[in-house]
Amino acid sequence: MKIDFTKNSDGLVPAIIQDAQTRKVLMLGYMNQEAFDKTQETQKVTFYSRSKKRLWTKGEESGNFLNLVNIKNDCDNDTLLIMVNPSGPTCHTGTDTCWGEKNSASFGFLSVLEETIANRKANKDDEKSYVASLFRKGINKIAQKVGEEAVETVIEAKDNNDELFLNESADLLFHYLILLQAKGFTLYDIVKVLESRS
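Residues numbered from 1 in each chain as written. Predicted model: local features only at pLDDT ≥ 70, side-chain atom pairs only at ≥ 80, totals over all residues. Heavy atoms only, no water.

Enquirer: What's the story with the side chain of Asp19 in this structure? I'm lost.
Expert: Among the structural elements, Asp19 can be located in strand β1 (residues 13-19). Of the side chains with opposite charge, Arg23 lies nearest to the buried Asp19, which makes no salt bridge, at 7.1 Å. Within the local environment of Asp19, its side chain forms a polar contact with the backbone nitrogen of Gln21, the two atoms lying 2.7 Å apart. A polar contact of 3.0 Å, which involves the side chain of Asp19, links it to the backbone nitrogen of Thr22. For Asp19, the residues in contact, after removing those within four places along its chain, are Lys24, Leu26, Met83, Val84, Pro86 and Asn103. (Helix = DSSP H or I, 4+ residues; strand = E, 2+ residues; numbered from the N terminus. Buried < 20%, exposed > 50% of the residue type's maximum accessible area, 1.4 Å probe, protein only. Lys, Arg positive; Asp, Glu negative; His and termini not counted. Salt bridge = Lys/Arg side-chain N within 4 Å of Asp/Glu carboxyl O. Polar contact = N/O pair within 3.5 Å; in protein donor to acceptor, adjacent residues only side chain to side chain. Contact = heavy atoms within 4.5 Å.)

Below, the structure is given as structure tokens:
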């Protein structure tokens with residue numbers, strides 16, 4: 001890997017740290033050649049601290065190391081993307097990321113939908129919410145709805161109406177997400193099972 005440490009006068013390149021599992025950006029640090037070499041040697045991410053003027057291995061005091069998975073160089077050879085498995089919160093303030101975000105997997109809109117379902121579960125007395133009404137009726141009703149939607153999806157799969165098939169598929173996925181929440185799980189739990197099978 002060719003890294004251009006000479007591009008900046010201080011000999012440093014930015015190193016973007018990303019969780020290899022969740023894909024969340026955890027922090028930004030800087031590396032010189034020595035920090036890069038030590039990271040590869042120890043498999044623990046080491047930076048050059050601009051304030052301390054020395055090498056600094058993330059976690060050397062807290063124990064919250066960034067365990068190296070891989071390093072990629074950008075197209076200009078002057079910025080690194082470092083994939084890690086963190087062994088605890090990344091930020092010195094104790095948060096998962098330096099932006100105060102939780103380091104959890106995100107599935108885009110599906111994660112937003114899961115959050116909405118979780119809120120409906122927490123407020124299941126809401127008379128206006130269809131999802132809350134399912135949680136009030138209990139696991140048997142929720143499981144029954146998943147079964148009904150699965151049958152309807154299979155029926156539409158055998159026809160040639162793509163719009164109906166997609167709508168039934170959306171209904172199935174929606175009710176499945178509700179069932180997962182009712183059982184105390186999320187999509188991420190299912191992803192972990194699938195990953196373990198690969």
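Enquirer: How do you make sense of the sheet that holds strand β5 (residues 66-73) when you look at a structure like this?
Expert: The strands making up a sheet are joined through hydrogen bonds of the backbone, oriented either antiparallel or parallel. Here we have four strands laid out as an open sheet, ordered β2-β1-β6-β5, and mixed in their pairing. Two strands in the sheet have a free side with no partner beyond their single neighbour: β2 (25-31) and β5. Strand after strand, the sheet turns through a mean of 30 degrees between neighbouring axes, direction not considered. Of the strands in this sheet, β2, β5 and β6 (80-86) are in contact with helix α1 (residues 33-42), which crosses β5 at around 125 degrees. (Pairing = 2+ DSSP bridges. Axes fitted to C-alpha atoms, helices over the stretch in contact; angles between N-to-C directions.)

Enquirer: Explain unusual backbone geometry here, please?
Expert: The general pattern is negative phi for most residues beyond glycine and trans for most peptide bonds. Backbone geometry places Gln43, a non-glycine residue, at a positive phi of 65 degrees. Here Gln43 falls in the partly exposed class, since its relative accessible area comes to 38%.

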